[in-house]
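Close look at the chain arrangement
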Amino acid sequence: MPTLPWVTPNPPQPQTRVLVMASRLEVRSLRDVPRFFLKSLAAWRQVRTARGAVGASLVAQPLSRTFWTLSAWEDRESLNGYVRAEPHRSIMTSLRGVMKDSTFTFWEAAAEELPIDWAQARRRLAAAEQAKAAEQAKAAEQA
């Protein structure tokens, strides 16, 4: 499983809180994996120079068609700026049709807790996936 280890583009100020985001991104087909992986590397290069990015890591599970991201930001504005900037913006648009499922979770952490442990991120993503499944089941019942 290829992993891009935690990098710290902009060290956070001590005694501050950061916004952490974890994602699980699954593509529909093994044919989509190489394209997704190449695009994720462009986004990775972008995050390494993004204003307000205080840390990031990426795990790729190509045979499972799944990619995991974990990042920490000075604030929501910094994260949103990254998402709206190129190349990330175009990457999201171009890959929308190949996505099978995407799950995101956000939480705050003390700067001293960085880097965030992948086990913690996966637990939080699993909880977010369970909540999403419960919402979808409830919506299906009401339909």
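Residues numbered from 1 in each chain as written. Predicted model: local features only at pLDDT ≥ 70, side-chain atom pairs only at ≥ 80, totals over all residues. Heavy atoms only, no water.

The subject of this paragraph is the packing of helix 1 (residues 33–47) against helix 3 (residues 88–95). Interhelical geometry of helix 1 versus helix 3 gives an angle of 160° and a closest axis separation of 10 Å. With respect to helix 3, the element helix 1 is oriented roughly antiparallel. By crossing handedness, the relation of helix 1 to helix 3 is classed as left-handed. Residue-level contacts link R35, F36, K39, A42, A43 and Q46 of helix 1 to H88, I91, S94 and L95 of helix 3. For the contact of helix 1 with helix 3, the class distribution of residues is five nonpolar, three polar and two charged. (Axes fitted to C-alpha atoms, helices over the stretch in contact; angles between N-to-C directions. Helix = DSSP H or I, 4+ residues; strand = E, 2+ residues; numbered from the N terminus. Parallel < 35°, antiparallel > 145°, perpendicular 65-115°, else oblique. Left-handed = near helix turned anticlockwise from the far one by under 90°. Contact = heavy atoms within 4.5 Å. Nonpolar A, V, L, I, M, F, W, Y, C, P; charged D, E, K, R; others polar.)

Below, the discussion takes up the pairing of strand 3 (residues 53–61). Where a strand is regular, its side chains alternate between the two sheet faces. With respect to burial, strand 3 is a largely interior element, eight of its nine residues being buried. Pairing geometry for strand 1 (residues 3–7) and strand 3, over three bridges, is antiparallel. When the bridges of strand 3 are listed, V7 appears paired with A56. Both strand 3 and strand 4 (residues 66–73) contribute to a ladder of eight bridges, which runs antiparallel. Bridge pairing in strand 4 links V59 to W68. Between strand 3 and strand 4, which pair antiparallel one after the other, the connecting turn spans four residues, and R65 there sits at a positive phi close to 60°. (Buried < 20%, exposed > 50% of the residue type's maximum accessible area, 1.4 Å probe, protein only. Pairing = 2+ DSSP bridges.)

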